[in-house]
Each structure stands twice: as structure tokens, then as C-alpha cells.
There are 2 protein chains.
Amino acid sequence: MPRIVAERQDVLPKLAEIFRKRGYDGASLSEIGKATGLGKGSLYHFFPGGKPQMAEDVLAEMDAWFEGNIFAPLRSIPAGDAKEARVRLTEMCKALDAYFKSGRRVCLFGAFALADTREAYAPRIRGYFQRWIEAIARALVVAGRAPADARTEAFDAVACIEGAIALSRAADNPPAFAGAIARLQTRLTA
Amino acid sequence: MPRIVAERQDVLPKLAEIFRKRGYDGASLSEIGKATGLGKGSLYHFFPGGKPQMAEDVLAEMDAWFEGNIFAPLRSIPAGDAKEARVRLTEMCKALDAYFKSGRRVCLFGAFALADTREAYAPRIRGYFQRWIEAIARALVVAGRAPADARTEAFDAVACIEGAIALSRAADNPPAFAGAIARLQTRLTA
DNA sequence: ATGTCTATGGACCGATAGGTACAAACTAAA
DNA sequence: TTTAGTTTGTACCTATCGGTCCATAGACAT
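Residues numbered from 1 in each chain as written. Chains lettered and ligands numbered in written order. Predicted model: local features only at pLDDT ≥ 70, side-chain atom pairs only at ≥ 80, totals over all residues. Heavy atoms only, no water.

Novice: Would you take a moment to explain the overall build of chain A for this structure?
Specialist: On a plain count of helices and strands, chain A comes out with nine helices and zero strands. Sequence-ordered secondary structure for chain A, helices as α and strands as β, is α-α-α-α-α-α-α-α-α. Projecting the C-alpha coordinates of chain A onto the three principal axes gives extents of approximately 60 × 35 × 30 Å. In chain A, which comprises 190 residues, the proportion classed as buried is 51%. For chain A, the share of sequence-separated contacts (at least 6 apart) that also reach a separation of at least 24 residues comes to 67%. Just so you have it, chain A exposes about 8400 Å², and 56% of that area is on carbon and sulfur atoms. Across chain A, the centroid of the 27 positively charged side chains sits 3 Å from that of the 22 negatively charged ones. (Helix = DSSP H or I, 4+ residues; strand = E, 2+ residues; numbered from the N terminus. Buried < 20%, exposed > 50% of the residue type's maximum accessible area, 1.4 Å probe, protein only. Contact = heavy atoms within 4.5 Å. Areas by Shrake-Rupley, 256 points an atom, 1.4 Å probe, with all protein chains shown as cover. Lys, Arg positive; Asp, Glu negative; His and termini not counted. Charge placed at Lys NZ, Arg CZ, Asp CG, Glu CD.)

Novice: Which parts of the structure should I look at to understand the packing of helix H1 (residues 8-26) of chain A against helix H2 (residues 29-36) of chain A?
Specialist: Relative placement of two packed helices is described by the angle separating their axes and the distance separating the axes. Residues and elements named next belong to chain A. Axis separation between H1 and H2 bottoms out at 10 Å; the angle between their running directions is 150°. Relative to H2, H1 is oriented roughly antiparallel. Crossing of H1 over H2 shows right-handed handedness. When H1 is examined against H2, the residues Val-11, Lys-14, Leu-15, Ile-18, Arg-22 and Gly-26 are found in contact with a partner set consisting of Glu-31, Ile-32, Ala-35 and Thr-36. Taken together, the residues of the contact of H1 with H2 sort by class into five nonpolar, two polar and three charged. (Axes fitted to C-alpha atoms, helices over the stretch in contact; angles between N-to-C directions. Parallel < 35°, antiparallel > 145°, perpendicular 65-115°, else oblique. Left-handed = near helix turned anticlockwise from the far one by under 90°. Nonpolar A, V, L, I, M, F, W, Y, C, P; charged D, E, K, R; others polar.)

Novice: Help me out: how do you make sense of unusual backbone geometry in this one?
Specialist: Glycine aside, a negative phi is what most residues show, and trans is what most peptide bonds show. A positive phi angle, close to 50°, is found at Ser102(A), a residue other than glycine. Its place among the elements puts Ser102(A) in the loop between helix H5 (82-99) and helix H6 (108-114). For Lys101(B), which is not a glycine, the phi torsion comes out positive at approximately 45°. Mapping Lys101(B) onto the fold places it in the loop between helix H5 (82-99) and helix H6 (108-114).

Novice: Is there a simple way to explain the relation of the copies chain B and chain A in this structure?
Specialist: Each copy of the chain is related to the other by a rotation around an axis and a translation along that axis. With an RMSD of 0.0 Å, the fit of chain B onto chain A corresponds to turning through 180° and sliding 0.0 Å along the axis. A rotation of that kind, with that shift, is consistent with a two-fold axis. With an isologous cut-off of 70% or more, the 100% of interface residues of chain B that recur at the interface of chain A puts this contact in the isologous class. (Least-squares fit on C-alpha atoms with pLDDT ≥ 70 in both.)

Novice: Whenever I open this one, the interface of chain B and chain A confuses me. Can you help?
Specialist: When the parts come together, some accessible area is lost, and that loss is often what is quoted as the size of the interface. Chain B puts 37 residues into the contact, and the matching count from chain A is 37 residues. Interface area for chain B against chain A, summed over the two sides, is near 3200 Å², with a carbon-plus-sulfur share of 61%. Looking at the side of chain B facing chain A, the largest losses of area belong to Leu114(B), Phe155(B) and Leu167(B), adding up to 22% of the total buried there. Inspection of the chain B/chain A interface yields four salt bridges. For the side of chain B that touches chain A, the element with the highest residue contribution is helix H8 (residues 147-170) of chain B, accounting for 14 residues. Along the lines of polarity and charge, the residues of the side of chain B that touches chain A split into 20 nonpolar, four polar and 13 charged. (Buried area = accessible area lost by both parts, 1.4 Å probe. Salt bridge = Lys/Arg side-chain N within 4 Å of Asp/Glu carboxyl O.)

Novice: Would you mind going over the packing of aromatic side chains with me for this structure?
Specialist: Two numbers describe a pair of aromatic rings. These are the distance of the centres and the angle of the planes. Under the defined criterion, the tally for this structure stands at 38 aromatic pairs over all chains. Between Phe71(B) and Tyr128(B) the ring centres are 5.9 Å apart and the planes differ by 55°, which places this aromatic pair in the tilted class. Of this pair, Phe71(B) sits in helix H4 (residues 50-75) while Tyr128(B) sits in helix H7 (residues 118-142), and the two are 57 residues apart along the sequence. Residue Phe71(B) is classed as buried on the basis of its relative accessible area of 0%. Linked through ring pairs, Trp65(A), Phe66(A), Phe71(A), Tyr99(A), Phe100(A), Phe109(A), Tyr128(A), Phe129(A), Trp132(A) and Phe177(A) together constitute an aromatic cluster. (Phe/Tyr/Trp six-rings, centres within 6.5 Å; stacked < 30°, edge-to-face > 60°.)

Novice: Explain the pattern of salt bridges to me, please; I cannot follow it from the model alone.
Specialist: A side chain with one charge can pair with a side chain of the opposite charge if their charged atoms come near. Residue and element names in this part refer to chain A. According to the stated counting rule, one finds 32 salt bridges over all chains in the structure shown. Between Glu-56 and Arg-124 there is a salt bridge, and its shortest N-O distance comes to 2.5 Å. Residue Glu-56 is found in helix H4 (residues 50-75), and its partner Arg-124 is found in helix H7 (residues 122-142); the two are separated by 68 residues along the sequence. Taking the relative accessible area as the measure of exposure, Glu-56 reaches 26% and is therefore partly exposed. The class of Arg-124 is partly exposed, set by a relative accessible area of 26%.

Novice: Got a minute to help me understand the environment of Gly23(A) in this structure?
Specialist: Looking at the secondary structure, you find Gly23(A) in helix H1. Given the relative accessible area of 19%, Gly23(A) is considered buried.

Novice: Mind showing me how you'd approach the side chain of Lys51(A) here?
Specialist: All names here are of chain A. For Lys-51, the location among the structural elements is in helix H4. Of the side chains with opposite charge, Asp-25 comes closest to the buried, unpaired Lys-51, at an N-O distance of 5.3 Å. With residues near it in sequence (within four places) discarded, Lys-51 still touches Phe-19, Tyr-24, Asp-25, Ala-27, Leu-29, Tyr-44 and Tyr-121.

Novice: Can you help me understand H5(A) in this one?
Specialist: In an α-helix, one turn spans 3.6 residues, which is why side chains three or four residues apart end up on the same side. Residues and elements named next belong to chain A. When the terminal C-alpha atoms of H5 are compared, their 26 Å separation across 18 residues agrees well with the 26 Å that a helix rising 1.5 Å per residue should span. The set of residues buried in H5 consists of Ala-85, Arg-88, Leu-89, Met-92, Cys-93, Leu-96 and Tyr-99. Take H5 and look down its axis: the buried residues cluster within an arc of 145°, on one side only. Exposed residues lying more than 90 degrees from the buried face of H5 are Lys-83, Lys-94 and Ala-98. Once H5 finishes, Lys-101 follows within two positions and takes phi at roughly 45°, a positive value. (Expected span 1.5 Å × (residues − 1). Arc of directions from axis to C-beta.)

Don't take any of this as a statement about function, it's just geometry.
Pasting the structure below:
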């Protein structure tokens, strides 16, 4: 049997795409096998824990991406540099629009939070949103907001993003997501 | 065989609860049968179209509830009565917190919009959010906002609500939803 | 070339999925 | 009481689910 160039790292994005498209229950191993080009042997070699582990690893990788590309830049703003804080918040908005493909791409954490899949991955999901909110709040404080105000503003910002994904998908109207992100940027950097 | 007092209308709320809890794919006919107390015979008697029709009918009923209890009151505000508009918007917020049980209860339209279930129920889902947004926008205009501003404000409001459900569930923190609703109310009636 | 270890496809498993068929048990009109 | 029509539980169907197993094809060190 030919060895296929399929490192574990190459498989995760494809897995993520399937979970995003079908949801946890809807993603069958046969479809996963087809989409990744991997037989069950390879699949269970990479993920001995089966489907639950696949989802866990996908969430972990997405979490790591956000940590590095979204959360950390917000957290590492030098104290007192309000101007830089506004720049970083603007960059976040830009990165989000790109990542979620203007709402065409779903946030797996959001989708899982609404299903009973949530229970199995509760710590991961909770941690993701918590760190995101805290990172934004930190940036807002540096930008000059009062801490208590920053915290609720950050919560509303993330809520608005997650909701905008659902709404723009419902309306089949990607610009609606981009518009919401633009308004969010204005509001955060005001 | 004994006739069980199970009118179609009594079954729909139970069905809704199962779909909310398990999602479309996760809701199996055996669980549906158990939760409703109905055998497959009765189930297929009430819903000849099977699971797809159950979901469709559940969405239709939820849509009708929102139409009567949320959308219509917003739409029917007398033109020029800004004070009444603020009252109705406040009532909406209160009704939402009750309906979604402070975020413990999921919005089925939002959940479906994120899954590929969306495709099968696209018109229903689209219509629901569209009418909701337009109703809020109408109320905001009556309250004195500029039409263009009202429209985006209404979009953001619904997005924030949908997102807040996901966030408060993720954090397992119902007060977070109630807080978001309270801030929304302030913002809408400002 | 040989042996060792990893990687791989696919046959196979029991369980359960959604759905159909139907006879029995009911109701209501005659 | 008969009859026609409606509800009902359940046995059963096929397809597919997630998961196990294993013979074997690679890679690689000797």
C-alpha cells in the first residue's frame, strides 16, 4: 500500500472544514475518510480516540490559532499606548473578517456551544471565549476605557461577532457580516 | 389500544425541546418517541413527512409565536409615538429574557443557521430573522432614529442576542445573558 | 537482503438510524 | 350492534453509524 503524504497537521484543517459544514453529529467517518483521503486505519492511527478526539484536536488547533493571531496581539499592547490599542483592535477586526470569510465560514466554538456537543468540550469552549473577551477588555482598558465598562463592551463585541455569523448566513448575505465588523471596529476604537 | 390525550399541538413543544437539546441530527426518532410518549405509528400519523416535517413544523410554530408576541407589537406602534416605541422595545427585551430562559434555552433558528440544516430550512430561517430585524428597525424609527441607522442598529441588536445565548451557555453563566439584554435595552431606548 | 516497525485500506462488527407495514384497539355515526 | 374510519404499538426493513481488526505495503537501520 502506497504511503500517502498525509501528516497529521495536513489532516486537521480538512477535519475542521467537515465539522464546520456538518456539525459534530453530521460528520460521519465515511465522509471524513473521503474528504481526507484517509482510510479508517490511518484515521484511527492519527486519532486513537476516534471522532471525539478528532473534534477535540480540531478545537485545540483553532484555539491555538486564535491565541497566536488574535488574543496575544491584544494582550501584549504596551500599557498606556492608547493609539497602539486602537491599531490592534482594528487589526483584529480585519483578521476576523478574513478568518470567517465574511460570515461564510462558521465559528466551530459557537456552533458547539449551541448544541449538546458543548457538554463534552465545555472547558475548551469556555476557555476560548473567556480568553477572547479578556484580551479585548485588556485592549480597551489600554485604550482608555474604565475596566468595568471594558469587560461588558468586550462581551458584547464577541456576542455581536458570533451572532453576525448566524445572521449573515441566514440571510445568505456575506456583506452583512462585513458591515457588522466595520461598525464593531468603529465602536471599539471610538 | 387506548387513545392517549396527545393532540398535535401538545407534541410540538416537546419536539422543540428535543431539537433544541440535541440538534437536528442528534434527535433520534427513538428519543423523540420516548420524550413525547408516542410510538412511531402516532408520530408518522401526525407528521407524515417524518423528521424533516417535524423540524419544519416546530420552526413554524416558533415563528408564529415570535410573530405574535415579539414582532407584531413592535410593528404596530402608532407613528410618532416615540414614548410607546421605547416601552415596546423594553417589553421585547423582557420577553426575550423569559423566552430564552436567560440563555439556558437555545434559539433553534440560530442553531440551524450555523449547521448545514440551514439549507433545508433556509426560507423559514431567513424570514424569521428578517422580520425580526425589520420590526425592531420600525420601532427605532418611531422612537426617532434615522431609518438607515435604525436598520443597522436592529441587525446588531439581534446579532448581539443570538451571540449572547452562545456566550452565556459557553460560560455556563445565565446572568451574562440577562446582562447583555439589559445593556441592549438601554442602548435601544437611549 | 533481512528484519523491524509504522502506516494503511478495507472487510467486518453490533448497534442504531429513519422509515414502512399492518393488525389491533379505539371512536363515532347509523 | 354494526360499520367505517381514525389512532395506535410494534415487528420489521435496509442503510449507515462509529469502531475493531488484521494482513500487508511501505520505510529504514543493519
